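# Commentary on secondary and tertiary structure
Letter by letter, the chains look like this.
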There are 2 protein chains.
Amino acid sequence: MAQFMDVHHGMKGITADQLREAHQADLAIEKDEGVHFEKAWADPESGTVYCLSEAPSAEAVQRIHERAGHRADEVVPVPLTV
Amino acid sequence: MAQFMDVHHGMKGITADQLREAHQADLAIEKDEGVHFEKAWADPESGTVYCLSEAPSAEAVQRIHERAGHRADEVVPVPLTV
């Protein structure tokens, strides 16, 4: 398992409820791909959302996001952490 | 205090030691601006680094990163978290 940071643009005006619902939609199906979404951070003003996950691959992360209705613009492996 | 995610590009080939040293350089001076860098994630292949901080402003985050020798390409406030 590796860690990934993925980024969504174009989420201007996202509310706390919408972020929670989107995250719940990921959590509901993440096991199908062996993914776990750990955390998400959002900026309603620029419309940017960052999601941190553990997953077998970037493709697995993207498949969950796509099925949940919010494809990521980038999924970046982050093997180094401090 | 608010949370910020900042992003650095162009860090291709960054090692675990270099990430730790860069983070330490931030920690050494962060109090001057009331900033705290909580965590950083890096991808040596694409050269991307994400840093999560608590700070009074995006400008304060950038001032610490600049003085530490690694200006961020973006500093995004992330008021929503899940």
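Rules used throughout
- Residues numbered from 1 in each chain as written.
- Chains lettered and ligands numbered in written order.
- Predicted model: local features only at pLDDT ≥ 70, side-chain atom pairs only at ≥ 80, totals over all residues.
- Heavy atoms only, no water.
- Helix = DSSP H or I, 4+ residues; strand = E, 2+ residues; numbered from the N terminus.
- Rg over C-alpha atoms; globule rule 2.2 N^0.38 Å.
- Buried < 20%, exposed > 50% of the residue type's maximum accessible area, 1.4 Å probe, protein only.
- Contact = heavy atoms within 4.5 Å.
- Areas by Shrake-Rupley, 256 points an atom, 1.4 Å probe, with all protein chains shown as cover.
- Buried area = accessible area lost by both parts, 1.4 Å probe.
- Salt bridge = Lys/Arg side-chain N within 4 Å of Asp/Glu carboxyl O.
- Nonpolar A, V, L, I, M, F, W, Y, C, P; charged D, E, K, R; others polar.
- Pairing = 2+ DSSP bridges.

In the annotation of an unreviewed UniProt entry, chain A is listed under the name SCO4226 family nickel-binding protein and assigned to Streptomyces cylindrosporus.

## Quick look at the overall build of chain A
For chain A, the helix and strand inventory stands at two helices and five strands. Against the globule reference of 12 Å for 82 residues, chain A gives a C-alpha radius of gyration of 12 Å, in line with a compact fold. In terms of overall dimensions, chain A has a C-alpha envelope of 35 × 30 × 20 Å along the principal axes. Burial status across chain A gives 49% buried among its 82 residues. Nonlocal contacts in chain A, meaning residues at least 24 apart in sequence, comprise 67% of its contacts between residues at least 6 apart. Here chain A has roughly 3900 Å² of accessible surface; of this, 48% comes from carbon and sulfur atoms.

## Here's the deal with the interface of chain A and chain B
Contact with chain A, which involves 27 residues of that partner, is made by 27 residues of chain B. Together chain A and chain B conceal approximately 2100 Å² of surface at their shared face, both sides included; 74% is due to carbon and sulfur atoms. Among the residues chain A hides against chain B, the three largest losses belong to Trp-41, Leu-80 and Val-82 of chain A. Together they make up 35% of the total. On inspection of chain A and its partner chain B, the count reaches zero salt bridges. For the side of chain A that touches chain B, the elements supplying multiple residues, two or more each, are β1 (2-8), α1 (16-29), β2 (36-43), β3 (48-55), β4 (74-77) and β5 (80-81) of chain A. A class-by-class count of the residues in the side of chain A that touches chain B yields 17 nonpolar, six polar and four charged. The pairing of β5 of chain A with strand β2 (residues 36-43) of chain B spans two bridges and is classified as antiparallel. Bridge pairing in β2 of chain B links Leu-80 of chain A to Ala-42 of chain B.

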